[in-house]
Amino acid sequence: MRILIAFASLSGNTRDVARMIRARCEAAGHSVTWIEADVQTLADATDRPAHDLYLLGAWTDNAGRTPPEMKRFIADLVEAVGKPERLAVFGTGETQWGEEYYCGAVRRMAAFFGSGYPRLEIEQMPHGERDALKIQRWTDHVLNCTENMPHADPARFIA
Ligand SMILES: Cc1cc2nc3c(=O)[nH]c(=O)nc-3n(C[C@H](O)[C@H](O)[C@H](O)COP(=O)(O)O)c2cc1C
């Protein structure tokens, strides 16, 4: 599959998670378009915005908010391809902001797109075997679900 991974990361935690997801996708033989929304736009990163699967990641800003760079990226994405069905959301946050706001951006983004995939929420930077396994399992699950979904345009797999 052609997979687009786009994320916003202020201090690197979400980038670390994105890197681990990317490695898992590539190890499974998929091709990844990589977009750091803080410094790139959709148009900078790809001349063909349509992908088979979209993985969007973000840190969470004040009181559960989505960072502005990711909001801008989402506006570009929706303009280019609408709200894709095959879109999953991941991110990092800190529970010290309160349960109500923990990883609020991940929840808001998933709700905005009506994502049917589980969300991946990691506390601060991913560390240890436990987080590595959680990220691997989430990625594998998202890939498996997507590959087993009936495709809107089956001809593309034959071509
Ligand atoms: C100004 C500010 C506000 C934050 N607000 C929240 C919040 O409401 N909820 C949350 O879960 N984390 C919050 N955090 C924590 C970050 O989302 C968390 O540290 C995240 O892992 C940073 O990711 P990054 O390294 O990819 O930038 C906030 C951090 C900052 C700097």
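All figures in this text were calculated on a predicted structure; none of them were measured in a lab.

## Section: helix α3 (residues 68–81)
Then, number 1: In this model, α3 (14 residues) spans 20 Å end to end at C-alpha, consistent with the 20 Å of a helix rising 1.5 Å per residue.
Then, number 2: Tucked into the core, α3 has its buried residues touching β1 (2–8), β2 (31–36), α2 (42–45), β3 (53–59), β4 (87–93) and α4 (104–113).
Then, number 3: Looking one or two places after α3, you find Gly82, whose phi comes out positive at around 75 degrees.

## A short note on unusual backbone geometry
Apart from glycine, the bulk of residues carry a negative phi angle, and the bulk of peptide bonds sit in the trans form.
Then, number 1: Look at Ala63: it is not a glycine, yet its phi comes out positive at around 55 degrees.
Then, number 2: As for its position among the elements, Ala63 is in the loop between β3 and α3.
Then, number 3: On the accessibility criterion, Ala63 (25% relative accessible area) is partly exposed.
Then, number 4: Phi at Cys103 is positive, roughly 50 degrees, even though this residue is not glycine.

## Considering the pairing of β2
Then, number 1: Of all six residues making up β2, five are buried, and the element is well covered by its neighbours.
Then, number 2: Of the strand pairs in this sheet, β1 and β2 are connected by six bridges, and their pairing is parallel. Of the residues in β2, the one forming a bridge with Leu4 is Thr33.
Then, number 3: This β-α-β element, β1 to helix α1 (residues 13–27) to β2, shows right-handed connectivity.

## Observations concerning the sheet that holds β2
Sheet strands pair by backbone hydrogen bonding; their relative direction is either parallel or antiparallel.
Then, number 1: In spatial order, the strands read β2-β1-β3-β4-β5; together these five strands make up an open sheet with parallel pairing. A strand with exactly one partner marks an edge of an open sheet, and here the two such strands are β2 and β5 (120–123). Along the sheet, successive strands turn relative to each other by an average axial angle of 15 degrees, direction set aside.
Then, number 2: Across the sheet, helix α5 (residues 128–148) is in contact with β1, β3, β4 and β5; its angle to β5 comes to roughly 170 degrees.

## Let's talk about the packing of aromatic side chains
Then, number 1: Summed over the entire model, instances satisfying the criterion amount to three aromatic pairs.
Then, number 2: Here the aromatic rings of Phe90 and Trp138 are separated by 6.1 Å at their centres, their planes lie at 65 degrees, and the arrangement is edge-to-face. You can see Phe90 sitting in strand β4 and its partner Trp138 sitting in helix α5, a full 48 residues away along the chain.
Then, number 3: Residue classification places Phe90 among the buried positions, given a relative accessible area of 0%.
Then, number 4: A relative accessible area of 6% places Trp138 in the buried class.
Then, number 5: Centre to centre, the rings of Phe112 and Phe113 are 5.0 Å apart; their planes meet at 85 degrees, and the pair counts as edge-to-face.
Then, number 6: Here Phe113 falls in the buried class, since its relative accessible area comes to 7%.
Then, number 7: Here Lys83 stacks its cationic end above the ring of Phe112, 3.9 Å away from the centre of that ring.

Calculation criteria
Residues numbered from 1 in each chain as written. Predicted model: local features only at pLDDT ≥ 70, side-chain atom pairs only at ≥ 80, totals over all residues. Heavy atoms only, no water. Helix = DSSP H or I, 4+ residues; strand = E, 2+ residues; numbered from the N terminus. Expected span 1.5 Å × (residues − 1). Contact = heavy atoms within 4.5 Å. Buried < 20%, exposed > 50% of the residue type's maximum accessible area, 1.4 Å probe, protein only. Pairing = 2+ DSSP bridges. Right-handed = clockwise from strand over helix to strand, strands pointing away. Axes fitted to C-alpha atoms, helices over the stretch in contact; angles between N-to-C directions. Phe/Tyr/Trp six-rings, centres within 6.5 Å; stacked < 30°, edge-to-face > 60°. Lys NZ or Arg CZ within 6 Å of the ring centre and 35° of its normal.

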